[in-house]
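Survey of secondary and tertiary structure
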Amino acid sequence: MIGYVTLGTNDLERAAKFYDAIAAEMGTGRMMEFDTFIAWGKPDGPAGFAATKPYDGKPATVGNGMMVALQAKDKEQVQKLYEIALANGGTDEGAPGPRGDDGFYAAYFRDPDGNKLNAFTMV
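The following refers to the structure shown.

**Brief notes about the layout of surface pockets**
Estimates place the volume of the largest pocket at around 580 Å³. As for the largest pocket, its lining consists of 21 residues, of which M26, P46, A47, G48 and L70 are closest to the centre. At the level of secondary structure, the elements contributing two or more residues to the lining of the largest pocket comprise α1 (12-25), β4 (48-52), β5 (68-71) and β8 (116-122). Ranked by residues supplied to the lining of the largest pocket, first place goes to β5 with four residues.

**Describing the pattern of salt bridges**
Scanning all chains against the criterion turns up four salt bridges. In this structure, D113 and R14 form a salt bridge, with 2.9 Å as the shortest nitrogen-oxygen distance. Placement of D113 in the loop between β7 (104-110) and β8 and of R14 in helix α1 is noted, with a sequence separation of 99 residues between them. Its salt-bridge partner being R30, residue E33 comes within 2.7 Å of it at the nearest N-O pair. Connected through shared salt-bridge partners, D20, R30 and E33 make up one network.

Cut-off values and rules
Residues numbered from 1 in each chain as written. Predicted model: local features only at pLDDT ≥ 70, side-chain atom pairs only at ≥ 80, totals over all residues. Heavy atoms only, no water. 1 Å grid on protein atoms, 1.4 Å probe; cavity = no way out; pocket = protein on both sides within 12 Å on 5 of 7 lines; lining within 4 Å. Points joined across faces, edges and corners; volume = space filled by probe spheres on them. Helix = DSSP H or I, 4+ residues; strand = E, 2+ residues; numbered from the N terminus. Salt bridge = Lys/Arg side-chain N within 4 Å of Asp/Glu carboxyl O.

Have a look at this one:
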């Protein structure tokens with residue numbers, strides 16, 4: 001249902017470093033790149049991800065209540081994505097662990113621009 005998700009950035013080079021590391025752990029790379037926009041994913045693959053400087057030229061801001069969830073293959077990859085995020089300028093929003101009673105295992109973090117993400121798996 002979702003084709004791709006785009007988050008705004010005020011520093012594309014910094015965002016590229018952050019998301020290159022996340023994408024590499026998830027087995028994908030850049031599939032589109034322009035001066036103000038980079039997209040990661042695979043053509044005709046699952047939903048992709050992009051970072052962009054806003055088209056209107058105004059500063060990128062964080063969406064209150066908005067979050068992007070990255071589906072990990074297992075708990076170990078949730079941990080690895082969390083560590084990669086923090087090592088590349090991200091900040092902690094909730095260490096890896098079980099959430100609720102339905103087998104949902106997740107870690108929460110923010111990218112260097114403050115956008116909230118999580119890495120999750122169902123166990």
